[in-house]
Structures are given as C-alpha cells and as structure tokens.
Amino acid sequence: MRKEELKFAAEEYRMIGLILGTRPEIVKMSPVIRECERRGLDYFILHTGQHYSYEMDRLFFEELEIPDPDYNLDVGSGTHADQTAKIMTGVEDVLRRESPNIVLVQGDTNTVMAGALAASKLHIRVGHIEAGLRSFNRRMPEEINRIVTDHISDYLFAPTESARENLLAEGIADEKVCVTGNTVVDAVYQNLEIARRRTSIFRDLDLEPREYFLVTAHRQENVDDRARLKEILKGLAEVQREFSLPVVFPVHPRTEKRIKELGIGVDGLNLTRPFGFLEFLHLESQAKLVLTDSGGVQEETCVLGVPCATMRYETERPETLDVGSNILVGADAERILEGVRSAVTRTHSWKNPYGDGIAGKMIVMVCAATRSQ
Ligand code: UD1
Ligand code: UDP
C-alpha cells in the first residue's frame, strides 16, 4: 500500500461494524474478522439474514471458525425493494445502538447497498471492500448495488488497479481509493490446506482429481429465465456426454427452486446440496475445469490455477480473462461446449492478479490506523 493511502484514516478509531448477509460475504469477510480478532479490536458483526439456510450461512461460520454474529436481522428472502428496505431499517437500529465510527461492507449484494446507505445517512464512515468492479450491465442487480455503494463510501478498497481505474473514471477521488488485493485470496490461502486435510468429498462422491467438472449457477439473469436455464443445463449435459466425466453441480437454493418450478430435466448431471466452503474449495482446486456464473468462483479458480468457463456474456472480473484463467461462454449450449473444449487444453501457468493474501490485514490496518500509530 502506498504510504499516503493511510491518510484517509483521519478520525480516531473507536469501533468497526462489519455488515454481511450472504454466503460469499461470509467467505470474503472472514479474513477481516480474523484480523480484527487477532488485533483485539472492538468490532461487531451484523448479519442481515439475507441468506439463512444452514448450508448457505451457519455452516460457513462453523467451518471458517469465525465468531457468531452479534446481531442477526433475519430479513430473509423477498423482492429487491422489500429486502433492501428491511435491511436498512434493521441496520439503522443497530448502528444507532452501537455507534461505530466505521462500517465495512463487502461485495455487491442487497445487504451491501442497504447497509452502506443506512450507515452513510447516519454519517458513519463506510468502507467498501471489493470496490470498483463493473460489468457495465445495469440489468444485473449487483451492478446497481456496486455503483450506489461505491458512490456513498468513504474508503474504497479496490482489489486491483483496473477496479481503481473504474472508480476514477466515475469521478471518485483517488485519495478515497486503496488497492488491497481481494480478500478471497486470503480466504483461499487460509483454508486450502485445512480443506485438504478435513474433507472426504472425493471419497464421498467417488471422484478422481482432474477427472470431473464442477459447476455453480445462481445469477438471477441466468436461472430465473426458463429458456436460458434450459440452455445452460443442455450445455452442461453435452459437456458430460462429450468428456464422459462426472459434472458435479452443487445447487444454489434459487436455482433449485427454479429447476423445480419450471420442471426442467437435469439428465447426466450430478446435482447435490450446496457444499460448505472447505468441501467446495477442495473440489475446486482439483477440478478439470469449473463452469460458473459466480463472481467468487471466477476469482478462486484463478487463484487456484484451475481453468474456468463463465456462463455469462460479460464479467466484472476482467483480470481473469486477461491472465487467461477464465473465458466467457455465455448461456448458449453450443458455446458452452466449444468453450470447454478450448479451455481444457490451456496451460495453468497464469499469475494471480488478486494480490498476496494480505488484503484483510491491509483493510483493518487502514480502519484502525490511528490506534496503532
Ligand atoms: C444473492 C445476491 C447475489 C449473490 C448471491 C450469493 C442480491 C441481489 N443477490 O443472490 O449477488 O451472488 O446472493 O449466493 O443481493 N434462498 C434459500 N435460502 C437461503 C437464501 C436464499 O432458500 O439461505 C432462496 C430463496 O428462495 C430466495 C432465493 O434463494 O428467494 C434467492 O435468494 P436471494 O438472497 O434473494 O438472492 P440470491 O440469488 O441468493
Ligand atoms: N461456494 C461454496 N459452496 C458451494 C458453492 C460455492 O462454499 O456449493 C463458495 C465459493 O467457494 C465462493 C462463494 O461460495 O467462495 C461464492 O458464492 P456465490 O457463488 O454464491 O456468490 P457470488 O460470488 O457470485 O456473489
């Protein structure tokens, strides 16, 4: 980090409020939580309850060995407006009570935007972790969340230089931006060995390293559209037929609901419950290739040296395309198959563009800088 970037910790550190609510936020906030613990800082965890099923929520706290949330708003599922409104009301109550002087949010979910908005209206400084990502597709709810959050945040923790450039291009002041790398790297480094030691997923699923494909899909624009979801499942079935290898697909609850509602066939695919982070990380690290529409999975595969085919038409993670770990294969069966054919032949020697695994430390250092000086 550049020395002058520390200048934006202007006020005296009092307490940090960490707001999270979904699976990826628990994973990517975990290095920050660990660092707050290590330094013995005053902080609290506010869980919005956007994700609440055991395997999307609780399991991650257990596996990552992070403290239970101090608050859980239990907002649950709903329309965007309904969920956003409930989160804002609940966050406001807690922030009034705790009075932190900085709130950290991570990523691009409704939890992030609503949490940041509630905090900024109370004149509490907001730090946005993973700031500056842009897909340039405003039909994605996440793109709206990112833009709003970045523009009301006081500290923008950008994972890469290109994320910083996106922020500057929108007129955000450079002194608010700090390039830290992505906390996903910290989470991968902190858990990969543990995942290898503790999980028996290969035995459980009867898999051989590099002899299976791993899939995730949950983006609203992919799975809430019947034709698009059908096309994705068709493409995955064709991959299974052509390579005669298992296609392991832990199904996100949104996708499970849609597959049932729409009565779509899933022949040839090995559909499972969502895995915990340790099982998933272990599977990811040994996959022949991962097919996904997840943001975190595009990054993790890049860090792990595993090729990725992203079932979307654009990505806010262009670094993965630049280094050659990831290709965009859209949501078209033929393109998915062709993309997999070309991606499996790639060498795995790219350089991880997301940092050294110390993003969590850097972020906490900035937030608590005045105390340690
Ligand atoms: C949310 C985020 C998305 C993120 C994803 C991570 C928004 C707009 N979307 O999408 O950016 O990539 O989390 O996984 O914030 N459900 C359960 N149990 C749960 C959670 C959800 O059954 O614990 C089901 C419900 O039927 C719900 C549906 O999944 O309606 C969608 O959940 P929601 O949180 O609205 O959006 P996600 O698709 O999970
Ligand atoms: N993940 C997991 N189990 C699964 C699928 C994903 O632990 O069955 C983890 C994955 O390793 C990554 C995170 O969930 O850390 C990504 O979450 P998701 O794809 O739901 O959200 P996104 O990253 O797209 O916002």
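For clarity, every value in this text was computed on a predicted model and none was experimentally measured. (Residues numbered from 1 in each chain as written. Chains lettered and ligands numbered in written order. Predicted model: local features only at pLDDT ≥ 70, side-chain atom pairs only at ≥ 80, totals over all residues. Heavy atoms only, no water.)

This paragraph deals with the site of ligand 2. Of all residues adjacent to ligand 2, which total 16 residues, the nearest are Phe275, Ser294, Gly295, Gly296 and Glu300. Measuring from an oxygen atom of ligand 2, one finds a side-chain N or O atom of His218 at 3.4 Å. Within the backbone of Phe275, an N or O atom sits 2.7 Å from a nitrogen atom of ligand 2. Listed by contribution, the elements that provide at least two residues to the shell around ligand 2 are α1 (23-38), α12 (277-286) and α13 (295-304). Looking at the shell around ligand 2 residue by residue, the class counts come to eight nonpolar, five polar and three charged. (Near = heavy atom within 4 Å. Polar contact = N/O pair within 3.5 Å; in protein donor to acceptor, adjacent residues only side chain to side chain. Helix = DSSP H or I, 4+ residues; strand = E, 2+ residues; numbered from the N terminus. Nonpolar A, V, L, I, M, F, W, Y, C, P; charged D, E, K, R; others polar.)

It is worth spelling out the site of ligand 1 at this point. Not every one of the 20 residues close to ligand 1 is listed here, only the nearest: His51, Ser53, Glu142, Arg219 and Arg254. Between His51 and ligand 1, the recorded distance is 2.7 Å, taken from a side-chain N or O atom to an oxygen atom. Take His252: an N or O atom from its side chain is 3.0 Å from an oxygen atom of ligand 1. Here ligand 1 loses 89% of its free accessible area of 740 Å² to cover by the protein chains. Counting residues per element, the ones that place at least two in the shell around ligand 1 are α3 (80-98) and α11 (253-262). Taken together, the residues of the shell around ligand 1 break down into four nonpolar, 11 polar and five charged. (Areas by Shrake-Rupley, 256 points an atom, 1.4 Å probe, with all protein chains shown as cover.)

Judged by which residues are buried, strand β9 (residues 247-250) turns out to be covered on both faces: Val247 and Phe249 on one side and Val248 and Pro250 on the other are all buried. In terms of strand pairing, strand β8 (residues 213-216) meets β9 through two bridges, oriented parallel. Paired with Phe213 across the two strands is Val247, which belongs to β9. As for the winding sense of the linkage, the β-α-β connection from β9 through α11 to strand β10 (residues 270-272) is right-handed. (Buried < 20%, exposed > 50% of the residue type's maximum accessible area, 1.4 Å probe, protein only. Pairing = 2+ DSSP bridges. Right-handed = clockwise from strand over helix to strand, strands pointing away.)

Pairs can form between side chains of opposite charge whenever their charged atoms are close. Taken as a whole and assessed by the stated rule, the structure comprises 29 salt bridges. In this structure, the salt-bridge partner of Arg146 is Glu316, at a minimum N-O distance of 3.3 Å. Pair noted here: Arg146 is in helix α5 (residues 141-152) and Glu316 is in the loop between β12 (308-310) and α14 (318-323), with a separation of 170 residues, a long-range link. Given the relative accessible area of 2%, Arg146 is considered buried. Among the salt bridges present, the one from Arg258 reaches Glu261, with a minimum N-O distance of 2.6 Å. Here the residue Arg258 and the residue Glu261 both occupy positions in helix α11, the gap between them amounting to three residues, near one helical turn. Several salt bridges share partner residues, and in doing so they unite Lys28, Asp108, Glu130, Glu143, Arg146, Glu299, Arg312, Glu314, Glu316 and Arg317 into one network. (Salt bridge = Lys/Arg side-chain N within 4 Å of Asp/Glu carboxyl O.)

Spanning 12 residues, α5 covers 17 Å between terminal C-alpha atoms, matching the ideal 16 Å at 1.5 Å per step. Restricting attention to buried positions, one finds in α5 the residues Pro141, Glu142, Glu143, Asn145, Arg146, Ile147, Thr149 and Asp150. (Expected span 1.5 Å × (residues − 1).)

Take the sheet that holds strand β6 (residues 155-158) next. Across the sheet, which stays open at both edges, the seven strands sit in the order β3-β2-β1-β4-β5-β6-β7 with parallel pairing between neighbours. Looking at which strands have only one partner, the edges of the open sheet turn out to be β3 (71-72) and β7 (177-179). For strand β4 (residues 102-106) and strand β5 (residues 125-129), the ladder comprises five bridges, and the chain directions are parallel. Residue Leu104 lies in a different strand from β5, and its bridge partner there is Gly127. Packed onto the sheet, helix α6 (residues 161-169) meets β6 and β7 and runs at close to 165° relative to β7. (Contact = heavy atoms within 4.5 Å. Axes fitted to C-alpha atoms, helices over the stretch in contact; angles between N-to-C directions.)

Time to look at the sheet that holds β12. What the six strands build is an open sheet, ordered β10-β9-β8-β11-β12-β13; its pairing is parallel. Since the sheet does not close on itself, it has two edges, and those belong to β10 and β13 (326-328), each with one partner. Strand-to-strand twist in this sheet, taken as the mean axis angle between neighbours without regard to direction, amounts to 20°. With four bridges connecting them, β8 and strand β11 (residues 289-292) associate as parallel partners. Directly across from Val215, in β11, lies its bridge partner Leu291. Relative to β8, α12 is tilted by about 130°, and along the sheet it contacts β8, β9 and β11. α13 contacts β8, β11, β12 and β13 of the sheet and is inclined by roughly 165° relative to β11.

Viewed as axis vectors pointing N to C, α12 and α13 meet at an angle of 55°, and their least axial separation amounts to 10 Å. In terms of their interaxial angle, α12 and α13 are classed as oblique. When you trace α12 past α13, the crossing you get is right-handed. Between α12, through Phe277, Phe280, Leu281, Glu284 and Ser285, and α13, the contact on the second element is made entirely by Val297, Glu300, Thr301 and Leu304. Of the residues in the contact of α12 with α13, the class split is five nonpolar, two polar and two charged. (Parallel < 35°, antiparallel > 145°, perpendicular 65-115°, else oblique. Left-handed = near helix turned anticlockwise from the far one by under 90°.)

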